[in-house]
Amino acid sequence: MPNLPDFRFSSQSLQDFEECQQRFFLRYIQKMDWPAEESSPYLAFEQFRQKGSQFHACVEQYFHHGDPEKIERLIKDDDLRLWWKNFLRFSMEQQFTTASSEILFQTSLQGHILIAKYDLLVQQEDGSMTIFDWKTSASLKRTDREFLKKKMQTLVYPYVLCGSAGSQSIQPAQVKLVYWFPQYPDQPEQFPYSSIQMQQDERVLLERMEEITRKTLDEFPKTEDEKRCRYCVYRSYCERGKRAANLFEDDLELDFDLSELDMDIDQALEIPY
Amino acid sequence: MDDLYYTTQQQDVLNVEINSHVFLEGPFKSGKTSVGLFRMKEMAAHADPTHQILVLTPQRSLSIPYRTCMQAPNFPAGVLPNVTTLAGLARQLIRLSWPQITEQGGFRKPDQLPTFLSMETAQYFLKQICQPLLAKGYFVEMHIDQARLFSQILDTMNKAALVGYPLSETAQRLKDAWNGEAIRQSHYDQSQECALAFRSFCLQNNLLDFSLQVEIFRNCLARDSVLKRNFFQSYQYLIADNLEEDVPVLHDLLLSLQGEIPSMLFIKDSHAGFRSFLGADPTSADRLKHICPHSFEFSEQFDISAPIHAFQFSLSNCIIQKDTSHISPEVTRAYSLRSVQFYPQMIVDVCQTIQQLIHDELAGPEDIAVLSPYLPDSLKFSLSQKLIGMNIPFLSSRPSRSLAEEPITHAVLTFAKAAHPHWNLEITQQELRQAIMAILPHCDLIRASLLAQNTLVEKNKLNHYYDIPPFTRERITDMLGNAFDAVVDWINEYQKEDTLPLDIFLSRFFGELFSQSGFKLHQDVDNAVLLTALIQSIRDFRMMFSTLAEEQQQDISKMYIETLQTGLLPSAHTITASENDHAVTIAPAFTFLMKNQTVKYQFWLDIGNIGWWERLDQPLTHPYVLSRNWPRDKRWMDAQEFQANQNALARLVAGLLDRCSEHVYLYVAGLNQAGMSQSSPLLSAMQLFLKRSYGMEQHE
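Definitions and cut-offs
- Residues numbered from 1 in each chain as written.
- Chains lettered and ligands numbered in written order.
- Predicted model: local features only at pLDDT ≥ 70, side-chain atom pairs only at ≥ 80, totals over all residues.
- Buried ≥ 20, exposed ≤ 12 C-beta atoms within 10 Å, placed from the backbone.
- Helix = DSSP H or I, 4+ residues; strand = E, 2+ residues; numbered from the N terminus.
- Pairing = 2+ DSSP bridges.
- Domains from an automatic or database assignment.
- Contact = placed C-beta atoms within 7 Å.
- Nonpolar A, V, L, I, M, F, W, Y, C, P; charged D, E, K, R; others polar.
- Core = buried A, V, L, I, M, F, W, Y, C linked by C-beta atoms within 7 Å.

1. Side note on the pairing of strand β2 (residues 52–56) of chain B
Residue and element names in this part refer to chain B. Counting buried positions along β2 gives five out of five residues, so the element sits mostly inside the fold. Burial along β2 is two-sided: the residues Gln52, Leu54 and Leu56 and Ile53 and Val55 are all buried. With five bridges joining them, β2 and strand β7 (residues 235–240) adopt parallel strand pairing. Opposite glutamine 52, over in β7, you have tyrosine 235 as the bridge partner. Taken together, the three bridges between β2 and strand β4 (residues 82–84) define a ladder with parallel strand orientation. Within β4, the residue paired with valine 55 across the bridge is valine 83.

2. Quick notes on the domain arrangement of chain B
Assigned domains of chain B: these are domain 1 (8–90 + 223–297), domain 2 (115–205), domain 3 (306–401 + 579–699) and domain 4 (403–566). One C-alpha centre belongs to domain 1 of chain B, the other to domain 4 of chain B; they are set 50 Å apart.

3. Considering the interface of chain B and chain A
For interface size, the figure often reported is the accessible area lost on association. Of the residues lining the interface, 55 residues belong to chain B; the matching set on chain A comes to 49 residues. At seven residues, helix α4 (residues 86–104) of chain B tops the list of elements feeding residues into the side of chain B that touches chain A. For the side of chain B that touches chain A, the residue count by class is 24 nonpolar, 24 polar and seven charged. Examined bridge by bridge, strand β2 (residues 98–109) of chain A and strand β3 (residues 78–79) of chain B share two bridges and lie antiparallel to one another. Looking at β3(B), one finds that Phe105(A) is bridged to Val79(B).

4. Quick word on the nonpolar core
A general trend in soluble globular proteins is that nonpolar side chains are found buried together. If you look at the biggest cluster of nonpolar residues, it comprises 195 residues, and the most contacted ones within it are Val156(A), Phe266(B) and Ile436(B). Considering every element that reaches this core, the biggest residue donor is helix α22 (residues 525–551) of chain B, with 10 residues. If you look at the next biggest cluster of nonpolar residues, it comprises 61 residues, including Ile347(B), Cys351(B), Val653(B) and Tyr667(B).

Structure follows, in structure tokens:
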């Protein structure tokens, strides 16, 4: 892999590498824009993404002292309103000492930089910390635990937090990752962390990052699981099909993570004036 | 924390207790930003979610050292600093606090989300608002094209917001200072009327142009102390660099934060203030010194070439007509003055010299910058053609470029018209011919013309290639014809389904057809970048204008294409050339200054061009009169104009030479691009400099 001065690993880039090394290569090394559709039906997919990002925005406003009633008045979609009500109920049940939303953390592991953007980071009175990730799903069934357990996000998020120095050192046993589903508010998926888990994760992450950086440019093959190509914008570039597949009719576990999709922190908006 | 060596002066700043306010001033290359970077790392080692770092710069290019520092493996782990600008901060506040601020901000639709306007979309709406007024004869005495008219009205709005006075005072401020024909005074009134009508329309529809974003940000923070506390409470540390290039409203904000953020570092370049035409105010920045218990001034500049420094000193004195008692003999090593009769000769000589520098002096292309006051298309084209011919990489930086100029845009929109006959938009044979050449590989002009002539029917319908008589088909060839038929088949299939918005249509068209093997766009990365920008532009337009289109019972996609054709491109995306570390820079001088980059060799084109000295002709706005430093009871006379231009030129020359480490080539063209002879104060200053140098030599 060439030396890219602005390159940083994230759970999304590592997940891309797990799923298709060519996709990782095109997206993060070549930084290639390829304006094909990702999934069909097109308008429904767009609406799903809009709902997801508006849900994230509402929650962020809430944690910046927004009045819940005023926030709700901005919601026009019925699904989104239901998610919001579920969130408010869930939030009332929690004991948050301090909460920071949409916050970026970075750590380095043997010279490799790893970043994570948390939907919500909560510190409880006893000093323990919980990372919340909002999972809005397009499919009718909730993402299962085994799938989540294998996701790079589940490794990266707590690891980056514990690898952070800052003014307070954070013990792994005090950290927990919670996936919370607005459609299934009573079925959050929790992943407590520990020193042993951290060591294991560190080994996996380091191996993966070392493997990637050792590779030459022609060593990023296309995935063997061609089903994935149906939801990949690069499918025509890779000569792996024409039309995007239907998001609602497939049994493939997909996770369009909205918080990571727009995480490119170097793309911060600047109004040309 | 750092292996870098710091001078005693720098060390003195770094020794200041972190939880206090520091003001640091000095010339370019005196090590101020290095102190800022060290301080940021120190802050990062202490930061956590409740003690975060905010880094503010006037524009994104000036924050590059901070972003680069954050990307280094030795940057302390933890929560990352928020590196942004005033505009970024304003948008962040509005986005986060929208539910609270809608009513106090005067927005009429508090139950709806805001829409942030770009410069282009603001111009689009402003045009809608101004049309009835223009029809009534507003500005009729002025000979100015509409795009310039609208951009100046928006500029007056931005100035009001950034300097911090009511928008309704603009005309009076301009009239108070005006010293010319009376008709201009009514133009000021008309301009303000347009601006206020536009503002009212924005408030009515939750639209936020840049000026309204800044005004809402400023007013909300001033009126609502709780909102302000909540917004800034997570910040413990703040660094504001290049304060001299920032605006008074930002300085006001920083002043007001002295009690809320315990640790602030302010950095100011003593001889800059290049963005004054955008509202930058170094005098206003000096106010921050008074809230800092620790103030430092650096004087020594590092890595400055002695001959260049001597040349800078002498030339600057010539610009401001100050006597120079001594001109250092080494100054001759700093510059070459080249005189040519015709403009094209200058282009040839510049490119040949660049080639020599690269081949004989082993300079890297990145060591070279070609600079002029503006970068018109013709100049850019001439330079780029020559450099391409010499195989020298270059990076041409201009603020933005219109997507409408790109051939691929025309090509895909031509096929979009064919796929949507109900828009009733005509396709010309020439358009179709160009579109065919853009998408079919190895298709020459003759075969593209034959295909276009024989397949285009009924204004915008495409027939199949196989319907063409065999004799003509043979001339076209089956290979091209079959590819063309695949396009027609795809369009026919598409027409059987529900119509899609234009952006989605183009995405599908690209993914399912044009980027497939057998088409020219297959693995064509450059055109994919352009199409990505185009599709995003159309999507933004759809999101922003769909309600308006419904109200006017218009098709949003057709509306986009028509708007594009009028030249007011909504959401015209800035297309930055791909970052190339090894390329010659071709840029307007001010753009180059804002990159804060030093090069070994600079080429100053056509120093007799008055553009080096004179500010842009903007009859409806005024950077100096609309600033805080202008006394309301004074008139702007020729003497002030002259002095302001002299000062700006002296600042520009000093800034450019600060960013040159070896040699500057100055070109004088006897006749300009229009074939006219010319002169400018920069050329006069150079002539005075030569006279003085010659006098010195004679004397010695």
